[in-house]
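If you want the building blocks of each chain, they are given just below.
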Amino acid sequence: MARTEDSPWAVSVAQVASRPGQSKEIDATFPAPSGIGDEIVGVDEGADVSVVGSFDSIVDGLILNARISAPVHAECTRCLKPIQRDWTVNVTSFFPYEDKSAAGKGGKAGKNGKEEEVDIIAGEDEAEDTYPLLDGGAWADLEALLRDTLVEELPLQPLCKPDCKGLCSQCGIDLNENPDHQHDMTDIRFAALEGLKAKLEGKE
Ligand SMILES: [Zn+2]
Ligand SMILES: [Zn+2]
């Protein structure tokens, strides 16, 4: 098994995990974990993901409040142009101390009963997730947190700009670049007649 500190996502939190009321600032760049979106909309594995915030210790564990920024690639759903921009998400995550439920631990960032506990502690924030501390509270591993957070925040209907006009449904021309473009039905018929005429005259 790989050592925790060798993980590119491991953050040493031993000094804040010792007692409540401590705070450790984090301002670091991590490689994007695999599995965030796909080729159409996603974050490339290994891309720079910045995490700026702090770990604050409370009685039961550590709270991470952070702003996560990652370069998301996407395709405009209207004009199909590639979009490449930084996506920023604010997260609040809870890293409970292991020994509180040492008997029941196992598995990472479980979708288990623990989350309910967290809701009670946090009060209201439904975006909060729980992740395990490793090696007796010495390390917080951000891999699962980054993946979960970014997957959740990927744009479903990305647009290159809010008022993108999209493509002409008849010929596919980009209406952003050709704002006055439109088809007149009589033009189309006329064009067809012209083509016929050219054929008849042997011009092809
Ligand atoms: Zn567009
Ligand atoms: Zn058109």
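Attention in this report is confined to the structure presented alongside it. Source: prediction; values computed, not measured. (Residues numbered from 1 in each chain as written. Chains lettered and ligands numbered in written order. Predicted model: local features only at pLDDT ≥ 70, side-chain atom pairs only at ≥ 80, totals over all residues. Heavy atoms only, no water.)

**Side note on the coordination of the zinc ion (ligand 1)**
Ideal coordination angles are 109.5 degrees for a metal with four donors arranged tetrahedrally and 90 or 180 degrees for a metal with six donors arranged octahedrally. Only C76 (SG), C79 (SG), C160 (SG) and C164 (SG) from the protein coordinate the zinc ion (ligand 1), and they sit 2.2 to 2.3 Å from it. For the zinc ion (ligand 1), the 4 donor atoms in the first shell make angles of 106 to 113 degrees at the metal, so the coordination geometry reads as tetrahedral. Taken in sequence order, the residues that donate to the zinc ion (ligand 1) follow the motif C-x2-C-x80-C-x3-C. Of this pair, C76 sits in the loop between β4 (61-75) and β5 (82-96) while C164 is found in the loop between α3 (143-153) and α4 (185-200), placing the two residues 88 residues apart along the sequence. (Donors = N, O, S within 2.8 Å, 3.2 Å for Na, K, Ca; no water. Tetrahedral: all angles 85-135°; square planar, octahedral: opposite > 155°, others 65-115°. Helix = DSSP H or I, 4+ residues; strand = E, 2+ residues; numbered from the N terminus.)

**Quick word on the coordination of the zinc ion (ligand 2)**
The protein atoms that coordinate the zinc ion (ligand 2) are C168 (SG), C171 (SG), H181 (NE2) and H183 (NE2), at distances of 1.9 to 2.3 Å. Classification of the site at the zinc ion (ligand 2) rests on its 4 donor atoms, whose angles at the metal span 104 to 116 degrees, yielding the label tetrahedral. Considered as a linear motif, the donors of the zinc ion (ligand 2) on their single chain read C-x2-C-x9-H-x1-H. Taken together, the residues C168 in the loop between α3 and α4 and H183 in the loop between α3 and α4 connect sequence positions 15 residues apart. According to the relative accessible area criterion, H183 is partly exposed, its value standing at 29%. (Buried < 20%, exposed > 50% of the residue type's maximum accessible area, 1.4 Å probe, protein only.)

**Details of the sheet that holds strand β8 (residues 139-141)**
Strand order in the open sheet formed by 3 strands is β1-β8-β7, and the pairing between neighbours is antiparallel. Two strands close off the open sheet at either side, each with one partner strand: β1 (10-12) and β7 (133-134). Of the strand pairs in this sheet, β7 and β8 are connected by 2 bridges, and their pairing is antiparallel. Each residue of the ladder has a partner; that of L134, found in β8, is W139. (Pairing = 2+ DSSP bridges.)

**A few points about the environment of D48**
Residue placement: D48 occurs in strand β3 (residues 48-57). Note on D48: relative accessible area 55%, which makes it exposed. Leave out the neighbours within four places in its chain, and D48 touches T29, F30, S69, A70 and P71. (Contact = heavy atoms within 4.5 Å.)

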